[in-house]
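This is what each chain is made of:
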Amino acid sequence: MNFQLDDRSQSGITNIWLVWTIKNNSSEKSNYAWDWEAVNASGTRLANGSQLETDVQPGQTAKGEYPTTLKSADDIKLNITSFNRTAGY
């Protein structure tokens, strides 16, 4: 699993995204849910959210992205505060 911030800002327009890659290493279709937060160097939480990937097949890799309200990705730490996998039906 990989979670990171991607700064796509250009021409003075801020555009920071959360991007992820999750590989299903189980033998069954799976759903993934996680909570995240973006924290600056002084420990202030600047953004947070919850994300979901559903029906990821065994051996399959899912990639996703989500826009944030962050003004910069500089000196921002991304924390995954919870992560759960459940069987998909």
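Look up a bit, the structure's there.
Source: prediction; values computed, not measured.

*Asks:* How should I be thinking about the pattern of salt bridges in this particular structure?
*Replies:* By the definition in use, this model includes five salt bridges. Residue E65 pairs with R8 through a salt bridge whose shortest N-O separation is 2.6 Å. With E65 in strand β5 (residues 61-67) and R8 in the loop between β1 (2-7) and β2 (16-23), this residue pair connects regions lying 57 residues apart in the sequence. Of the residues examined, E65 reaches a relative accessible area of 43% and is grouped as partly exposed. The exposure class of R8 is partly exposed, given its relative accessible area of 26%. The partner of R45 in a salt bridge is E37, and the shortest N-O contact between them spans 3.7 Å.

*Asks:* Even after reading the chapter, I still don't get the packing of aromatic side chains, so can you show me in this structure?
*Replies:* The geometry of an aromatic ring pair is captured by the separation of the ring centres together with the interplanar angle, meaning the angle of the planes. Summed over all chains, the structure comprises five aromatic pairs. Between W20 and W34, the aromatic rings sit 5.0 Å apart at their centres with planes inclined by 75 degrees, giving edge-to-face as the arrangement. Of the two residues, W20 is situated in strand β2 and W34 in strand β3 (residues 30-39); the sequence distance between them amounts to 14 residues. When its relative accessible area of 1% is taken as the criterion, W34 is described as buried.

*Asks:* Can you walk me through the side chain of S30 in this structure?
*Replies:* Following the sequence through the fold, S30 ends up in strand β3. Under the relative-accessibility criterion, S30 is labelled buried at 0%. In this structure the side chain of S30 is engaged in a polar contact, spanning 3.2 Å, whose partner is the side chain of S26. Setting aside anything within four residues of it in sequence, one finds S30 in contact with N24, E53, T54, D55, V56, R85, T86 and G88.

Reading guide: rules and limits
Residues numbered from 1 in each chain as written. Predicted model: local features only at pLDDT ≥ 70, side-chain atom pairs only at ≥ 80, totals over all residues. Heavy atoms only, no water. Salt bridge = Lys/Arg side-chain N within 4 Å of Asp/Glu carboxyl O. Helix = DSSP H or I, 4+ residues; strand = E, 2+ residues; numbered from the N terminus. Buried < 20%, exposed > 50% of the residue type's maximum accessible area, 1.4 Å probe, protein only. Phe/Tyr/Trp six-rings, centres within 6.5 Å; stacked < 30°, edge-to-face > 60°. Polar contact = N/O pair within 3.5 Å; in protein donor to acceptor, adjacent residues only side chain to side chain. Contact = heavy atoms within 4.5 Å.

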